[in-house]
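Secondary and tertiary structure notes
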Amino acid sequence: MRIADLPIPDVLRDFIARERGIQELYPPQEEAVRRGLFDGRNIVMCTSTATGKTLMAELVMINAVLTRSVKAVLAVPLRALAYEKARDLRVYERLGVRIAVTTGEYDKEDAWLMNYDIVVTTYEKLDSLLRHRAEWLRQVGVLVIDEIHYIDDDKRGPTIESIIAKVKTLGLNTQILALSATVGNAEEIANYLDAELVASDWRPVRLREGVYYDGVIYYADGSRALIKDLGNPVLSLVMDTIVNGGQALVFTNSRSNTVKLAQQIAHYICNYGMKLIEPGTLAKISNSIIETSQSKLLGEELARIVKCGVAFHHAGLDMDTRSIVESSFRDRLIKVVVATTTLAAGVNLPARRVIIHEYRRYEPGIGMEELPVMEYKQMAGRAGRPGLDPYGEAVLIARSEDEVDYLIRNYINARVEDVKSKFLTDKNLATHILSAIASGYASSIDDIMRFISSTLGYVQGDFDKNEFLRDLLRRKVDDLINFLVESGFLERMDSNVAATALGSLLNNLYLDPYTANTYIRGLRARDETNDLGYTHLIVQSPEVPRLRVRRNEFDDYLELVLDNWDYLLIKPPISRDEIENGEFEDEELEDYLSTVKTAVMLLDWANEVSEDELYKNYDVGPGDLRVYSDLMDWLASAVARLAGALNMRRHEEMLNILRWRLTYGVRDELIELVVNLEGVGRARARALYNSGFRNIEDIANADPRAISVIRGFGDKLARSIVEQARKLISEGRVARAPTVNREDGVRQGYTRKRGSLLDYL
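All of these numbers come straight from a predicted model, not from anything done at the bench. (Residues numbered from 1 in each chain as written. Predicted model: local features only at pLDDT ≥ 70, side-chain atom pairs only at ≥ 80, totals over all residues. Heavy atoms only, no water.)

1. Considering the sheet that holds strand β3 (residues 99-102)
- The strand order across the open sheet formed by seven strands is β3-β4-β2-β5-β6-β1-β7, and the pairing between neighbours is parallel. Looking at strand neighbours, the two that pair on one side only are β3 and β7 (196-200), the edges of this open sheet. Strand-to-strand twist in this sheet, taken as the mean axis angle between neighbours without regard to direction, amounts to 15 degrees.
- Sheet analysis places strand β5 (residues 140-145) next to strand β6 (residues 175-180), joined by four bridges and oriented parallel. Counted as the bridge partner of V142 is Q175 from β6.
- Along the sheet, helix α5 (residues 123-131) contacts β2 (71-76), β3, β4 (118-122) and β5; its crossing angle with β4, the most-contacted strand, is approximately 110 degrees. (Pairing = 2+ DSSP bridges. Helix = DSSP H or I, 4+ residues; strand = E, 2+ residues; numbered from the N terminus. Axes fitted to C-alpha atoms, helices over the stretch in contact; angles between N-to-C directions. Contact = heavy atoms within 4.5 Å.)

Below, the structure is given as structure tokens:
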């Protein structure tokens, strides 16, 4: 089928042919068309990577906007992916289609999105918009759920099911297009979504899968290939790839391994006799990484190996640096990228050969776990660059001869796991029961049962076919409603249930009731605490990534806990006497101390400790800080709002200030500058403040030339912030930082001393 044959407007056909250079569809794309993609049918596309699922999603969304004057929503699992997809979609703005991206601020309905045709967002943000019942959602004609296999995820899966249940409950006439490369039970997912299934193993580039051991690749079809053994399996496979004109993508199980492997490969390439790289061009890329990276240490570490045509890629890198690495790899200048397995879903980098260095990874509280087949297939699917490679290769590395057969059997020839709903666990069910009631989707237990019947968990549990199981589920729902009533989040009125003011607030804040109970218990423990106490309370949310405490740090953090015992709102699981008398096993306190370490790192950030120091002390990079910053903006604000709702004014005042500090990484005096001025972050704000420009009035009254000479500023930015300041004052829109009086010794929670092990005790 040709693009010219598609039932879409001529202007869109011409645009795809001209701008994308696409004339014909791949077989899976053609099947999607024949199954009703442009006729409004729901479609599940479960096809290999690089088979054009994204193009079909784009076409169905743009076509709906142009021909039916409806809106479209594209939901993805990761924030970074949302911005990447939005960036790619902006090419259609030339057709007059308006593109927006929204990922945070769960307590807002974002009415401004009414003015856009396509909204790119995360699952969580879309669920939040449905909770607020944003009016513009009724105009959504197409909903694309990317990476539908995330329905198996403990956290994101129930959110996807909640979205689908709410769309059904609202009765929206919305076409659903669900996309994935790896779903074992795709037919069941299609039935659940009342959708046509397009399932295909077809690939534009043939994929060969094998296992490497001792200089030989053992392919699944029984053939073998000899590889020059360089004493390091990854290095041997990488060099074989690039000497033969290909690029390699290496997946490993930890950040430290990405750096170590990348350094080993870079050293070998730069000392290799034959010319494999373009040193002049790579030197320019290296310089741009140094200029761009928000962490000098991390940037220099990466820039050094980029000169040899190699890069590491993990979540600690900031978005701009990642973008340089990715574009340089696509342009075939960087020959090798070493990435973490957990980042595989977010790396759209096809390569001649994909190398899986480790098929196990460390899971906190569990130990080393084998990767699911689904993740292996996601990584393997990156192999083969359409138009550049005659084939792609995915190669696992074995450590013994016996492991060769094990890996072929359990990964290459294994069936991808079925996705299983996690909706009906107590925590997820309680969260979404509260959400359904507080958002007006249900007002009785019968309504709740109808709402749950629209979830995959209900379908997979066979509740519709078994009355006994239905009764058990109804009792479980009733028990959870009682829990929510006892917690003060719901109230019963005869046979109906309704959200209390506190329950409605939780729903708007996107807090689950279990985390909210922890926050409330902490706030009630003490009338006022120090910054450590508040920050430690905030990081109790399971959403916050926790830093592991090393063995040589254990005693220092334990001492910090004892020094701040009265101020910590959430106490350890054992008593102070037991800790002081040594009556405990380290494992009993590991999780607790990880929350303390995370809180200390965040306070260092809020006290303007540099990104380099944070990277050195905690292995937290700029990309991580962006994640923590977004989380603090949400969670610190949520705890402050909870304190306000509970009439705890002192807590509310303190948390309102701490929220800005934890979000922007600044001390109190810089809040006004970073909150109001676009283009002014923590470093520039400090430079302004130290130069005498301490508030918006100072900026507005300044000569831009006086600001342009400050480090980090130039003429353009200086003029911009002066104009911003003057406009904010004239319109009366200056956001002022709240001020509170602090008790002596209450503020910080720990004292920084130079030269000690962690540089803070």
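There is more to say, and it comes next.
2. A short note on the packing of aromatic side chains
- If you walk through the whole model with that rule in mind, you get 12 aromatic pairs.
- With centroids separated by 5.7 Å and ring planes inclined at 85 degrees, the aromatic side chains of W112 and Y116 adopt a geometry described as edge-to-face.
- Since its relative accessible area comes to 39%, W112 is described here as partly exposed.
- Aromatic side chains Y376 and Y411 sit 5.8 Å apart centroid to centroid with 70 degrees between the ring planes, which places their arrangement in the edge-to-face category. Residue Y376 is located in helix α13 (residues 373-380), and its partner Y411 is located in helix α14 (residues 401-412); the two are separated by 35 residues in the primary sequence. The exposure classification of Y376 matches that of Y411, with both residues buried.
- Taken together, the ring pairs connect Y359, Y376, Y406 and Y411 into an aromatic cluster.
- One Lys or Arg, R208, reaches over the ring of Y219 and ends 3.9 Å from the middle of that ring. (Phe/Tyr/Trp six-rings, centres within 6.5 Å; stacked < 30°, edge-to-face > 60°. Buried < 20%, exposed > 50% of the residue type's maximum accessible area, 1.4 Å probe, protein only. Lys NZ or Arg CZ within 6 Å of the ring centre and 35° of its normal.)

3. A closer look at the layout of surface pockets
- In this structure, the second largest pocket spans a volume of roughly 1,200 Å³.
- Mapped by element, the contributors of at least two residues to the lining of the second largest pocket are α3 (53-68), α4 (79-89), β6 and α12 (319-330).
- Ranked by residue count, the leading element in the lining of the second largest pocket is α4, at five residues.
- When the residues that make up the lining of the second largest pocket are grouped by side-chain class, the tally is 14 nonpolar, 11 polar and 13 charged. (1 Å grid on protein atoms, 1.4 Å probe; cavity = no way out; pocket = protein on both sides within 12 Å on 5 of 7 lines; lining within 4 Å. Points joined across faces, edges and corners; volume = space filled by probe spheres on them. Nonpolar A, V, L, I, M, F, W, Y, C, P; charged D, E, K, R; others polar.)

4. What about the pattern of salt bridges?
- Across all of its chains, the model carries 58 salt bridges by this definition.
- Between E611 and R682 there is a salt bridge, and its shortest N-O distance comes to 3.2 Å. With E611 in helix α25 (residues 611-618) and R682 in helix α29 (residues 682-690), this residue pair connects regions lying 71 residues apart in the sequence. The exposure classification of E611 matches that of R682, with both residues buried.
- In the salt-bridge network here, residues are joined through shared partners; they are E31, R35, R41 and E196. (Salt bridge = Lys/Arg side-chain N within 4 Å of Asp/Glu carboxyl O.)

5. Let's talk about α14
- Between the first and last C-alpha of α14 there are 16 Å, a value that for 12 residues agrees with the 16 Å anticipated at 1.5 Å per step.
- Taken together, the buried positions of α14 are occupied by E403, V404, L407, I408, Y411 and I412. On an axial view of α14, the arc spanned by its buried residues comes to 140 degrees, and they lie on one face. For α14, the exposed residues set more than 90 degrees away from the buried face come down to D402, D405 and R409.
- Turning to α14, the residues buried within the fold contact β8 (206-213), β9 (216-219), β15 (360-363), β16 (367-370), α13 and β17 (391-397). (Expected span 1.5 Å × (residues − 1). Arc of directions from axis to C-beta.)

6. Quick notes on the state of the cysteines
- Throughout the structure, instances matching the rule amount to one disulfide.
- Between C270 and C308 runs a disulfide, and the two sulfur atoms are separated by 1.9 Å. Here C270 and C308 share a disulfide; its torsion about the S-S bond, -110 degrees, makes the bridge left-handed. With C270 in helix α9 (residues 255-270) and C308 in the loop between α11 (296-306) and β12 (310-313), the pair connects residues that are 38 residues apart, well separated along the chain. (Disulfide = S-S within 2.5 Å.)

7. Quick notes on the sheet that holds β17
- Ordered in space as β10-β9-β8-β17-β14-β11-β13-β12, the eight strands form an open sheet in which the pairing is mixed. The outermost strands of the open sheet, each flanked by one partner alone, are β10 (224-226) and β12. Pairwise comparison of adjacent strand axes, ignoring direction, gives a mean angle of 20 degrees for this sheet.
- On top of the sheet, α9 reaches β11 (248-252), β12 and β13 (336-340); it is set at about 165 degrees to β13, its chief contact.

8. A short note on the pairing of β13
- Within β13, five of the five residues are buried, which leaves it mostly tucked inside the rest of the structure.
- Of the two faces of β13, the one lined by V336, V338 and T340 and the one lined by V337 and A339 are each fully buried.
- Strand direction decides the pairing type here: β11 and β13, joined by five bridges, are parallel. Pairing of F251 across the sheet is with A339, part of β13.
- Bridge count between β12 and β13: four bridges; the pairing is parallel. Bridge assignment links F312 to a residue of β13, and that residue is V338.
- A crossover links β12 with its parallel partner β13, the connecting element being α12, and its sense is right-handed. (Right-handed = clockwise from strand over helix to strand, strands pointing away.)

9. Here we look at helix α10 (residues 279-292)
- Over its 14 residues, α10 runs 20 Å from end to end, which matches the ideal 20 Å to within 8%, given 1.5 Å per residue.
- All of the buried residues along α10 are L282, I285, S286 and I289. Taken around the axis of α10, the buried residues stretch over an arc of 105 degrees, which confines them to a single face. Set apart from the buried face of α10 by more than 90 degrees, the exposed residues are K284 and E291.
- In this fold, the buried residues of α10 make contact with α11 and α12.

10. Observations regarding the confidence of the model for the chain
- Residues with a pLDDT of 70 or more make up 96% of the chain, whose mean pLDDT is 93.
- Below pLDDT 50 for its whole length, residues 752-761 participates in 24 contacts with residues either more than four positions away or in separate chains. (pLDDT = per-residue confidence, 0-100.)

11. Side note on the packing of helix α19 (residues 501-509) against helix α26 (residues 622-645)
- Running from amino to carboxyl end, α19 crosses α26 at an angle of 170 degrees, the nearest separation of the two axes being 11 Å. By the angle class used here, α19 and α26 are roughly antiparallel. Of the residues in α26, those in contact with L502, L505, L506 and L509 of α19 are W634, A638, R641, L642 and A645. (Parallel < 35°, antiparallel > 145°, perpendicular 65-115°, else oblique.)

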